[in-house]
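A look at the structure
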Amino acid sequence: MYVATKGGERAIANAHAWLAEERRGDTEIAELSVAQIRSQLRLAVDRVMAEGSLYDPDLAALAIKQARGDLIEAIFLIRAYRTTLPRFGSTRPIDTGAMACDRRISATFKDAPGGQVLGPTFDYTHRLLDFALMAEGEIPEAPRAEPRTEPTPHIVEFLNREGLIQQEAPTDDTPPDLTRQPLELPAERPLRLQSLARADEGFLLGLAYSTQRGYGRTHAFVGELRIGTVEVEMDIPELGFAIELGEMIVTECETVNQFTGSKTEPPQFTRGYGLVLGQSERKAISMSLVDRALRWKELGEDDAGVPAQDAEFVLYHGDNIQATGFLEHIKLPHYVDFQSELELIRKLRREAEQAATRQEAAE
Amino acid sequence: MTAQIPDPDRRAWLGLLATAPAGRLKALWAAAGLDPDVTLLRAPEIGAVMVRGRTGGTGAPFNLGEMTVARCSVRLPGGAVGHGYVQGRDRDAARLAATIDALMQTDAAPDLRRAVLDPLAAERAKAKEARAAKAAATKVEFFTLVRGED
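Residues numbered from 1 in each chain as written. Chains lettered and ligands numbered in written order. Predicted model: local features only at pLDDT ≥ 70, side-chain atom pairs only at ≥ 80, totals over all residues. Heavy atoms only, no water.

Attention now goes to the overall build of chain B. Of the regular secondary structure elements, chain B holds four helices and three strands. Taking the principal axes of the C-alpha coordinates as reference, chain B spans close to 85 × 35 × 30 Å. Relative to all contacts within chain B whose residues are 6 or more apart in sequence, the contacts with residues 24 or more apart total 55%. In the form shown here, chain B has an accessible surface area of approximately 7,400 Å², with 52% of it arising from carbon and sulfur atoms. If the 21 positive side-chain charges of chain B are averaged to one point and the 17 negative ones to another, these points end up 5 Å apart. (Helix = DSSP H or I, 4+ residues; strand = E, 2+ residues; numbered from the N terminus. Contact = heavy atoms within 4.5 Å. Areas by Shrake-Rupley, 256 points an atom, 1.4 Å probe, with all protein chains shown as cover. Lys, Arg positive; Asp, Glu negative; His and termini not counted. Charge placed at Lys NZ, Arg CZ, Asp CG, Glu CD.)

In structure tokens form, the structure reads like this:
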């Protein structure tokens, strides 16, 4: 029997009212401002911008507040908002070689020009809870030194000069855009990188870790990791030239991978690439490992049949908004579907019981 | 108005206006005491641009993610046309940027440069330098320990 039902408006309205109250929390405690989130929870803001795929720290902070700190919910809000914006155009590719680096390290070359710059890192902290942060207090000013004014060269350029690493020749191709056309396979590297740049950090971390543990081993070194500010330029038709539209913090990781050569390529180092909006080196490193694993076909490597090499598996499951949408929809009313399942099970049980009775009678 | 050729000066002030903190832009403008009668050619609007990167930093372009931008175009009574693009979603800042771009093509340019653009440029350079100085202080100085072989 099919029964259409309607209702729940009052319950929904009251649930949302309670949600607003819970979001605010204890009114004895000062309300958190969006500016505070933007300024003091910056790495959460960066993650929401990266996976929401929209660089706007104010909006990301607002989304975090609205989502009560649930970052995937916040990313959902940003994704929904960005669909309402008209697209003014596409920028010129950012020049990460001209980045004003806050941090720049290499695990392969100790004495690279520009040096090893640690930046505001958690590395080398003892990971002991700092109870001093529970009290208000002045923070001592960070020390300063003579600033570097010239651009910091990319470290893999040094291997490039010797021809020991696979080249990345610039092109002016228009890249595919998965926000405009549905993601289809086979996906070329630019499309894969767009997908990975907005993919879930945890999903990429798990996949990247799996390649390290042996599921598609690519033996990666972090050739270079840099975090800093880049200028964003776009050609403006009404002006007839390109102007700087803004600046953004990005994290870039280049891995250098052992490669013994294949039928098509000589023995050389190969590269994996990670580029993420905001500061997120865990994600940038993960992205570059997964990018490298996905390149097996173009480098003529064997298909080891591991998850990180499977573009369909990686690209179709890395988007946390698609994933959470499909996953969580099963909690919504499925009364009719379930009713039919229930009827079916009852019928099968009846038939099984009748068959058993017949069998007993026959014996 | 002169032909629209790549103009390094104009390119520089447009970039400065695009990246200026909206609050500073508005405060400096207010202090400049100008209030031209502008006609809107394109009403202030908020949108996004798709920011691109390159594979391996130098290779083929790919779409990295979007960035919010506000823009506006105005015309002054004298005919000068200004285009304003600013990062973020501040329509008033976009309108201001367009107005300043138009005024910079008139006799008001020297005063405006002194009152708005020069301070913005100085503040931007100072902030950039402060960050670079903090980064420089975290640069590792390696030293080699003497080994006992010789």
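What follows picks up the thread again.
Let's shift gears to the interface of chain B and chain A. Listed per partner, the contact involves 57 residues of chain B and 76 residues of chain A. With both sides pooled, the region where chain B packs onto chain A buries about 5,900 Å², and carbon together with sulfur makes up 59% of that total. Considering only the surface of chain B that becomes buried against chain A, B:Arg52, B:Leu64 and B:Glu66 emerge as the three largest contributors, covering 12% of it. Where chain B meets chain A, there are eight salt bridges. Here chain B is connected to chain A by 31 residue pairs in polar contact (both at pLDDT 80 or more). When contributions to the side of chain B that touches chain A are tallied by element, the ones reaching two or more residues are helix H1 (8-19), strand S1 (39-54), strand S2 (61-75), strand S3 (81-87) and helix H4 (109-136) of chain B. At 11 residues, the largest contribution of residues to the side of chain B that touches chain A is made by S1(B). (Buried area = accessible area lost by both parts, 1.4 Å probe. Salt bridge = Lys/Arg side-chain N within 4 Å of Asp/Glu carboxyl O. Polar contact = N/O pair within 3.5 Å; in protein donor to acceptor, adjacent residues only side chain to side chain.)

Accessible area lost upon the coming together of the parts serves often as the stated size of an interface. All names here are of chain A. According to the domain assignment, chain A consists of domain 1 (9-82) and domain 2 (96-119 + 150-168 + 176-324). Domain 1 and domain 2 are separated by 29 Å when their C-alpha centres are compared. Taken together, the contacts link 15 residues of domain 1 with 19 residues of domain 2. Contact between domain 1 and domain 2 buries roughly 1,400 Å² in total, counting both sides, with carbon and sulfur atoms accounting for 57%. The largest contributions to the domain 1 side of the interface with domain 2 come from Glu51, Tyr55 and Arg79, which together make up 39% of the buried area. Between domain 1 and domain 2 we count two salt bridges in total. Across the salt bridge formed by Arg79 and Asp319, the nearest N and O atoms sit 3.0 Å from each other. At the surface where domain 1 touches domain 2, the tally comes to eight residue pairs in polar contact (both at pLDDT 80 or more). Sort the elements by how many residues they give to the side of domain 1 that touches domain 2 and helix H3 (residues 42-52) lands first, with seven residues. Tallied by class, the residues present in the side of domain 1 that touches domain 2 amount to eight nonpolar, one polar and six charged. (Domains from an automatic or database assignment. Nonpolar A, V, L, I, M, F, W, Y, C, P; charged D, E, K, R; others polar.)

As a further point, take unusual backbone geometry. All names here are of chain A. The amide bond that connects Leu185 to the next residue, Pro186, takes the cis arrangement and shows omega of 0 degrees. As for its position among the elements, Pro186 is in the loop between helix H6 (156-161) and helix H7 (189-197). Located in the positive-phi region is Arg127, a residue other than glycine, with phi close to 55 degrees. Summarising the element assignment, Arg127 is placed in the loop between strand S3 (100-105) and H6. A relative accessible area of 61% places Arg127 in the exposed class. (Buried < 20%, exposed > 50% of the residue type's maximum accessible area, 1.4 Å probe, protein only.)

One pass over the full model with this rule turns up 43 salt bridges over all chains. Among the salt bridges present, the one from A:Arg282 reaches A:Glu201, with a minimum N-O distance of 2.7 Å. With A:Arg282 in helix H9 (residues 281-294) and A:Glu201 in helix H8 (residues 201-212), this residue pair connects regions lying 81 residues apart in the sequence. Notably, a salt bridge pairs B:Glu45 with B:Arg42, separated by 4.0 Å at the nearest N-O pair. B:Arg42 gets classed as partly exposed once you look at its relative accessible area, which sits at 22%. Three or more residues are tied together by salt bridges with common partners; here these are A:Arg82, A:Arg87, A:Asp177 and B:Glu66.

Right, let's talk about the packing of helix H5 (residues 71-82) of chain A against helix H11 (residues 320-328) of chain A for a bit. Residue and element names in this part refer to chain A. Two numbers describe how H5 lies on H11: the axes approach to 10 Å, and their chain directions differ by 105 degrees. The orientation of H5 with respect to H11, classified from their angle, is roughly perpendicular. Here Ile72, Ile75, Phe76 and Arg79 of H5 come into contact with H11, specifically with Asn320, Ile321 and Thr324. (Axes fitted to C-alpha atoms, helices over the stretch in contact; angles between N-to-C directions. Parallel < 35°, antiparallel > 145°, perpendicular 65-115°, else oblique.)

For the rest of this paragraph, the subject is the sheet that holds strand S6 (residues 270-277) of chain A. Sheet strands line up and pair through hydrogen bonds in the backbone, either parallel or antiparallel. All names here are of chain A. As summarised here, the arrangement of the four strands in space is S3-S4-S5-S6, forming an open sheet in which the pairing is antiparallel. Because the sheet does not close on itself, it has two edges, and the strands there are S3 and S6. Put simply, the sheet's adjacent strands are angled 25 degrees from each other on average, direction ignored. Both strand S4 (residues 220-236) and strand S5 (residues 241-257) contribute to a ladder of 16 bridges, which runs antiparallel. Across the sheet, Ile227 pairs through a bridge with Thr251, a residue of S5. Across the sheet, H9 lies against S3, S4, S5 and S6, angled at about 140 degrees from S6, the strand it touches most. (Pairing = 2+ DSSP bridges.)

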